[in-house]
Amino acid sequence: MPEATNSREAVLNRIRAANTTANAIAHRTNYQTIERNYEQTASLDREAILKAFLDHLREYDAHIFDAKPDTLAAAIAEVLKTSHQKSAIVADNFPEENLPAGFSWQRESETTKDQLNTAEGAISGCEVAIAHTGTIILRGARKLTLLPDRFLCVVYEDQIVETVPEAIARLEQYKTETLTFVSGPSATADIEMTRIRGVHGPRFLDVIVVR
Amino acid sequence: MTIRVGEAAEAPSFQKVAFTLLDDTQLRKNVRHATDVITGKRAVVVREQQDWQQLRSTASAIKQHTLAHLDDYLLQFEAACTVAGGQVHWASDADEANRIIVDLVKQYGGKEVIKVKTMTSDEIGLNKAFEANGIHPHETDLADMIIQLGHDKPSHIVAPALHKNRQQVREIFMREMGLSELTDEPQDLTNAARHYLREKFLKVNIGFSGANFLLADTGGVCVVESEGNGRMCLTLPDVLITLAGIEKVIPSFRDLEAFLQLLPRSATGERMNPYNSLWTGVHKGDGPQHFHVVLLDNGRTRILADPEARQTLHCIRCGACLNTCPVYRQTGGHAYGSIYSGPIGAIVTPQLFDMQHSQSLPYASSLCGACYEVCPVKINIPEVLIHLRGRVVREQQSGASLEAIGMRAMARIFSSGRRLEAAQRLGRIGQWPFVSEGWVKHLPGMLGNWTAVRDLRPLPEQSFRSWWREREKASAKTHSKELSS
């Protein structure tokens, strides 16, 4: 596509010509010197951080459950029973030992998108969660956490940070992977600004906090 | 190069359309309700963010820095994205972007495309280009779908259908989806959209999106959304094409820590919007295996070349300035004649056109400054509006319009006391047909614009200058009498 090559040079040349003004030259600063005076680290204690995370999740209409590391499987069984589920599709890296007996499990990589579409629910862990905004951040597992109507996410207490900058710092090492920030179930306010839960993504978000 | 901004080049002036729209009480009610709700929610979540001003300052500094190094950052993005398996294309204008995108869809043998909400595709008129080539675009954002199915135009950059109420949406959905039963409950209307689109998401093989941020350090793209339609289009198809204005690039992944706090609170009044998706090129076994990015200029480098107005390119399209604007809140978005409406539209649209079209838009403002105050990246919109008014006037001064000739004549008259007095004498004689009960209420021709909303006092019997002269004469006489006595 020779034309594209020309446009590339043309656009770059126009940018360079535009950036010869005094104003542009004045802003030719070093990236490292950009001031970042906003909150970067936590100011709350652990209990307050956990409370903020749960409060914000509840505001998004997520359902929250508690578990200890050794009761996680039982907690998952309880959540599934509450929503009348007999099966779920599970993220590939989710530990086998946390899956309770009495349900049928299928791993994400062994599932087609049509199977995901009709699945009863999905289960995965997360990489990091943000208390300040009630956000859960997932690495990979994009289709899994999108197509089924119910998404159950397991969050360990040490994965919860207070601020957005802390979360971004933790994600630095994974920044070229696929990352999804989830803050509550899918929603819209496009009709008369009425918040409606569940448009195209999962209509139900269940969260188990393990501590 | 031909610049296109939707159909703005053919639109009548703001002042003309606004007058008609102000009579549409349903539209005004819908717009007022929507903007009241968003501004209320925004105020709450901005107040609780203690470091809001610091975030704004950093975001503004990042944008200034990026624009000053824009060529470097775009090249960095291109290199990183290519290494990650993506292909980068450059488009000088709307037609070239359309051609690249349509060719790609044809190359992959696509007849249908599922689209994530993107204003930039409306800017270049992509849907028309698709349809002209036998390709069917499916808008998947709920509001965009209402617009597409209703053969309407977007009136807001974040919530394009906010001028429609639930009854109007119900009518459109029933007619276009062929439904015989549907209530006007937003929950039911949303469900109708879910069912209508789910099959398309699973079947259509080519996805299309805009971009909120391009990351120069990783070659990654970030898309911010609420409904999950974005995630569907970004994840399920085999092919993904992303269109982004060149100003969307930011230096690094880390910068998201500022922008992802500013954008959702400003746009929808949420602490965070439901979904943000980030991906970098092609990920084996996860999502589209063919990924193309089209970088669009379409007039942006012209804005960059204007030192006083280049801050326009900081915009992250949150729409906060629309919601707060006393003019937008009365007229809604259609009066602006452009897909970019409100205060930001009033500065973006005419500049993309190099001030050749949409010259009425810089005047669609009371210069109250509310837009500047809410802008998360600190664009001083009133300053740019005044600057653009200056450009419009300078251009008109050199022309041969009636107003330009009149203004030049006025300049000659005001520059000479003799000519001014002669003109005042003429005015006193000429004004009598227009004076009633001590006021001038209607003037003829172009001057009528002034009296349409104000009454004027007529020219007085005597001007100050002539009164002063008489007084001096009289006092000189008395003075000389006093001296001689």
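The text that follows walks through the structure, step by step, so that each part is easy to find. (Residues numbered from 1 in each chain as written. Chains lettered and ligands numbered in written order. Predicted model: local features only at pLDDT ≥ 70, side-chain atom pairs only at ≥ 80, totals over all residues.)

Turning to the overall build of chain B, a few remarks are in order. Within chain B one finds 22 helices and 12 strands. When the backbone C-alpha atoms are referred to their principal axes, chain B occupies close to 115 × 55 × 45 Å. Residue burial in chain B is summarised as follows: out of 485 residues, 50% are buried. Residue pairs in contact within chain B that sit at least 24 positions apart in sequence constitute 75% of those at least 6 positions apart. (Helix = DSSP H or I, 4+ residues; strand = E, 2+ residues; numbered from the N terminus. Buried ≥ 20, exposed ≤ 12 C-beta atoms within 10 Å, placed from the backbone. Contact = placed C-beta atoms within 7 Å.)

Looking now at the overall build of chain A. The helix and strand inventory of chain A stands at six helices and 12 strands. Whereas a compact globule of 211 residues would reach a radius of gyration of roughly 17 Å, chain A reaches 22 Å, over 25% beyond that. Projected onto its principal axes, the C-alpha coordinates of chain A cover approximately 70 × 50 × 40 Å. When each of the 211 residues of chain A is scored for burial, the buried share is 46%. Restricting to contacts in chain A with at least 6 residues of sequence separation, those with at least 24 account for 70%. (Rg over C-alpha atoms; globule rule 2.2 N^0.38 Å.)

With that settled, the discussion passes to the sheet that holds strand E2 (residues 112–115) of chain B. Residues and elements named next belong to chain B. One open sheet holds the six strands; their spatial order is E1-E10-E7-E4-E2-E3, and the pairing between them is parallel. Strands with a single pairing partner mark the edges of an open sheet, and in this sheet they are strand E1 (86–91) and strand E3 (136–139). Going from strand to strand, the sheet's axes swing by 25 degrees on average, the running direction of each strand aside. Judged from the four bridges that link them, strand E4 (residues 206–209) and strand E7 (residues 239–245) form a sheet pairing that is parallel. Within E7, the position partnered with Gly-207 by the bridge is Leu-240. Most of the contacts of helix H5 (residues 94–107) go to strand E10 (residues 290–296), to which it runs at about 170 degrees, and overall it touches E1, E2, E4, E7 and E10. (Pairing = 2+ DSSP bridges. Axes fitted to C-alpha atoms, helices over the stretch in contact; angles between N-to-C directions.)

On the side of chain A, 62 residues touch chain B, which itself brings 77 residues to the contact. Broken down by element, the side of chain B that touches chain A gets its largest block of residues, nine residues, from helix H3 (residues 52–68) of chain B. Residues that form the side of chain B that touches chain A fall into these classes: 38 nonpolar, 27 polar and 12 charged. Of the strand pairs in this sheet, strand E9 (residues 179–182) of chain A and strand E9 (residues 275–280) of chain B are connected by four bridges, and their pairing is antiparallel. Bridge pairing links A:Thr180 to B:Ser277 in E9(B). (Nonpolar A, V, L, I, M, F, W, Y, C, P; charged D, E, K, R; others polar.)

On to the sheet that holds strand E7 (residues 150–156) of chain A. Residues and elements named next belong to chain A. Ordered in space as E1-E12-E7-E4-E2-E3, the six strands form an open sheet in which the pairing is parallel. If you trace the sheet from one side to the other, it starts and ends with strand E1 (63–67) and strand E3 (104–107), each paired once. The average undirected angle you get between the axes of adjacent strands in this sheet is 25 degrees. Pairing of strand E2 (residues 87–90) with E3, which is carried by four bridges, proceeds in the parallel orientation. The residue bridging Val-90 from the neighbouring strand is Arg-107, located in E3. Where helix H4 (residues 72–82) meets the sheet, its contacts fall on E1, E2, strand E4 (122–125), E7 and strand E12 (204–210), and the angle it forms with E12 comes to roughly 160 degrees.

Another aspect to go through is the packing of helix H19 (residues 402–414) of chain B against helix H20 (residues 417–430) of chain B. What describes two packed helices is the angle between their axes and the distance between those same axes. All names here are of chain B. As a packed pair, H19 and H20 sit with axes 6 Å apart at the nearest point and diverge in direction by 115 degrees. With respect to H20, the axis of H19 lies roughly perpendicular. Facing H19, whose interface residues are Arg-412, Ile-413 and Phe-414, H20 presents Arg-419, Leu-420 and Ala-423. (Parallel < 35°, antiparallel > 145°, perpendicular 65-115°, else oblique.)

This paragraph deals with the environment of A:Ile160. All names here are of chain A. The residue Ile-160 is located in strand E8 (residues 160–161) in this model. Accessibility expressed as a C-beta count within 10 Å gives 23 for Ile-160, which makes it buried. Taking C-alpha positions, Ile-160 is 19 Å from Asp-70, a pair spaced 90 residues apart along the chain.

A:Ile137, A:Ile208, B:Phe259, B:Val294 and B:Leu295 are the most contacted members of the largest nonpolar core, which has 189 residues in total. Considering each element in turn, this core owes the most residues, seven residues, to helix H12 (residues 256–267) of chain B. Residues in contact with A:Ile137, not counting those within four places in the same chain, are A:Cys126, A:Glu127, A:Val128, A:Ala129, A:Ala167, A:Leu171, A:Leu179 and A:Phe181. (Core = buried A, V, L, I, M, F, W, Y, C linked by C-beta atoms within 7 Å.)

Turning our eyes to something else, we now look at unusual backbone geometry. Most peptide bonds are trans, and most residues other than glycine sit at a negative phi. Residues and elements named next belong to chain A. At Asp-61, a position not held by glycine, the phi torsion is positive, near 70 degrees. Position of Asp-61 relative to the elements: it lies in the loop between helix H3 (46–59) and E1. Residue classification places Asp-61 among the partly exposed residues on the basis of 15 C-beta atoms within 10 Å.

Okay, the environment of B:Ala97 next. Residues and elements named next belong to chain B. Residue position: Ala-97 is located in helix H5. Here Ala-97 falls in the buried class, since 28 other C-beta atoms lie within 10 Å of it. Residue contacts for Ala-97: discarding those within four places in its chain leaves Ala-91, Ile-124, Leu-243, Val-294 and Leu-296.

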